[in-house]
Amino acid sequence: MSSSDDDIVQRTMTAKREAEKLKDKIKHKKESLADTTLPQEAMKVESLPRVTMKVRRTLKGHLAKIYAMNWAADKRHLVSASQDGKLLVWDAYTTNKVYAIPLRSSWVMTCAYAPSGKYVASGGLDNICSIYNLQSKDGPKQPARELSAHTGYLSCCRFIDDNRILTSSGDTTCILWDVDAGQKLKEFADHTGDVMSLSVSPNPNVFCSGACDAVAKIWDIRSGKCVQSFSGHESDINAVQFFPDGNAIGTGSDDASCRLFDLRADRELNIFTHEQIFCGITSIAFSISGRLLFGGYDDYNCYVWDTLRGDRVGILNGHENRVSCLGVSSDGKALCTGSWDHLLKVISYCYISTYNCLVIY
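Here the structure is a predicted model, which means the values were calculated and not measured.

Each value, and the rule that gives it
- Residues numbered from 1 in each chain as written.
- Predicted model: local features only at pLDDT ≥ 70, side-chain atom pairs only at ≥ 80, totals over all residues.
- Heavy atoms only, no water.
- Helix = DSSP H or I, 4+ residues; strand = E, 2+ residues; numbered from the N terminus.
- Rg over C-alpha atoms; globule rule 2.2 N^0.38 Å.
- Buried < 20%, exposed > 50% of the residue type's maximum accessible area, 1.4 Å probe, protein only.
- Contact = heavy atoms within 4.5 Å.
- Phe/Tyr/Trp six-rings, centres within 6.5 Å; stacked < 30°, edge-to-face > 60°.
- Salt bridge = Lys/Arg side-chain N within 4 Å of Asp/Glu carboxyl O.
- Pairing = 2+ DSSP bridges.
- Axes fitted to C-alpha atoms, helices over the stretch in contact; angles between N-to-C directions.
- pLDDT = per-residue confidence, 0-100.
- Polar contact = N/O pair within 3.5 Å; in protein donor to acceptor, adjacent residues only side chain to side chain.

**Concerning the overall build of the protein**
When its secondary structure is counted, the protein shows two helices and 29 strands. Over its C-alpha atoms the protein spans a radius of gyration of 21 Å, differing by no more than 12% from the 21 Å that the globule rule assigns to 361 residues. Principal-axis analysis of the C-alpha atoms places the extent of the protein at approximately 70 × 55 × 35 Å. The proportion of buried residues among the 361 residues of the protein is 49%. The contacts of the protein with a sequence gap of at least 6 include a subset with a gap of at least 24, amounting to 46%.

Here it is in structure tokens:
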């Protein structure tokens, strides 16, 4: 190795050490400004009674493990993806199947419903995001668009609007697409592990991602840059979800914990764990107010957490296999869970207040 190469290596090591020192300074400064914690302040708030969860509908039709589901904006329809090679669009009120879409690859991992209700999307081990037009003349038998640029599996996709969709992949990147043109608009690359999940903020210029590098990142779509990173998990992050007001994110990980991170405070606010829970989290969702956090777990259960106090306030144990996906309808009145037991369950959740009033969070 030449002396110039030695000099470059030495300068790189010095820069790394200086960067670590700066990180420590920032960390200590933030800690010195943190005069309290959310759990401490939440002790002043009355604890929630136990949340009652009742299965109102069971959606039967898939013949293999369900991997993903997503609600439509109309609060009535939802789409689910299963490794039986079908994308099913459901009417959650009647339990009827509205569309049964055959997929070219049965190894599907994600699905999404467009805000307008006109399109659904799916993707998986084929590395392609397939867009289906539900209002096409012949029905959604063939993809209207196939978006191909990822070099790894497609782990998650979410529509921003009818003409833009975000995808995350095992190739460590996220991509913003122009659906009409079938073109890649922007690539977001900063993770060092497979990106497993993404969530679009109420501010459509911002989204978050979670990856196998145990880091959650906030991205500015306009600049294409990562603007915040949140660490703390000890294993892969499988699920991320924006808080309803867009000022915080929830995460679920293989380390058996869910966490709440605040964008304004730039730090972790709360952690949701239990001494008897040892398995990973596959999916998370907030109630419409944000007071409740729902988590789908590998132990076949869906647990409900009080986001303020960190208490576990409810359990749904109706599935017979891993809860692989879940989501809350846009009006906040229903939770849907999907499982490897081939079933989807539509659930109502509420509790009886001290005034004997039915309260939905």
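Next comes the rest of the description.
**Comments concerning the packing of aromatic side chains**
In this structure the tally under the stated criterion is nine aromatic pairs. Here F188 and F207 contribute two aromatic rings whose centre-to-centre distance is 5.0 Å and whose plane-to-plane angle is 80°, an arrangement assigned as edge-to-face. Residue F188 is located in strand β13 (residues 183–189), and its partner F207 is located in strand β15 (residues 206–211); the two are separated by 19 residues in the primary sequence. There is no split in this pair, since F188 and F207 are both buried. Taken together, the ring pairs connect F188, F207 and W219 into an aromatic cluster.

**Observations concerning the pattern of salt bridges**
Applying the stated rule across the entire model yields 15 salt bridges. For R164, the salt bridge is made with D161, and the minimal N-O distance between the two is 3.1 Å. Of the charged contacts, one joins R291 and D306 as a salt bridge, the two residues approaching to 2.8 Å between their closest N and O atoms. Within this pair, whereas R291 is found in the loop between β22 (281–286) and β23 (292–297), its partner D306 is found in strand β24 (residues 302–306), the two being separated by 15 residues in sequence. Like D306, R291 is buried. In the salt-bridge network here, residues are joined through shared partners; they are D255, R259 and E268.

**Notes on the sheet that holds strand β5 (residues 97–102)**
The strand order across the open sheet formed by four strands is β2-β3-β4-β5, and the pairing between neighbours is antiparallel. The sheet terminates laterally at β2 (66–71) and β5, the two strands that pair on one side only. Averaged over all adjacent pairs, the angle separating strand axes in this sheet is 15°, with direction ignored. Alignment of strand β4 (residues 86–91) against β5, held across five bridges, turns out to be antiparallel. For K86, the partnering residue across the bridge sits in β5 and is P102.

**Concerning the pairing of β22**
With respect to burial, β22 is a largely interior element, six of its six residues being buried. Of the pairings in the sheet, the one linking β22 to β23 comprises five bridges and is antiparallel in character. By the bridge assignment for β23, A285 is matched with F294. Here β22 folds back onto β23, and the loop between the two strands holds five residues, one of which, G290, carries a positive phi near 90°.

**What to know about the confidence of the model for the protein**
Put simply, the protein has an average pLDDT of 92, and 96% of its residues get 70 or more. Low pLDDT, under 50, characterises residues 354–361; the predicted model gives this stretch 20 contacts beyond four residues in sequence or across chains.

**Observations regarding the sheet that holds strand β19 (residues 248–253)**
Strand order in the open sheet formed by four strands is β18-β19-β20-β21, with antiparallel pairing between adjacent strands. On the outer flanks of this sheet lie β18 (237–242) and β21 (267–272), each paired with one strand and no other. Going from strand to strand, the sheet's axes swing by 20° on average, the running direction of each strand aside.

**Focus on the pairing of β23**
The buried count for β23 comes to six of six residues, which makes it a mostly enclosed element. Inspection of the sheet shows β23 paired to β24 by five bridges, in the antiparallel sense. Note that in β24 the partner of F294 across the bridge is V304. The turn linking β23 back onto β24 is made up of four residues, and Y300 within it adopts a positive phi angle of 80°.

**Focus: the side chain of S324**
With respect to the helices and strands, the residue S324 is situated in strand β26 (residues 323–328). Taking relative accessible area as the criterion, S324 reaches 10% and is therefore assigned buried. There is a polar contact of 2.4 Å between the side chain of S324 and the backbone oxygen of I66. Residues within four places of S324 in sequence aside, it is in contact with I66, Y67, T282, S283, G338, S339 and W340.

**Focus on the environment of F230**
Here F230 is to be found in strand β17 (residues 225–230). Residue classification places F230 among the buried residues on the basis of a relative accessible area of 3%. When the C-alpha positions of F230 and S32 are compared, they lie 18 Å apart, and in sequence the two are 198 residues distant. Those residues in contact with F230, other than ones at most four positions away along the chain, are A214, V215, A216, I218, I249, F261, D262, L263, D266 and R267.

**Notes on the environment of G252**
With respect to the element layout, G252 can be found in strand β19. For the pair formed by G252 and I237, sequence separation is 15 residues and the distance between their alpha carbons is 5.8 Å. Residues in contact with G252, not counting those within four places in the same chain, are D236, I237, N238, A239, S257, C258, I281 and I284.

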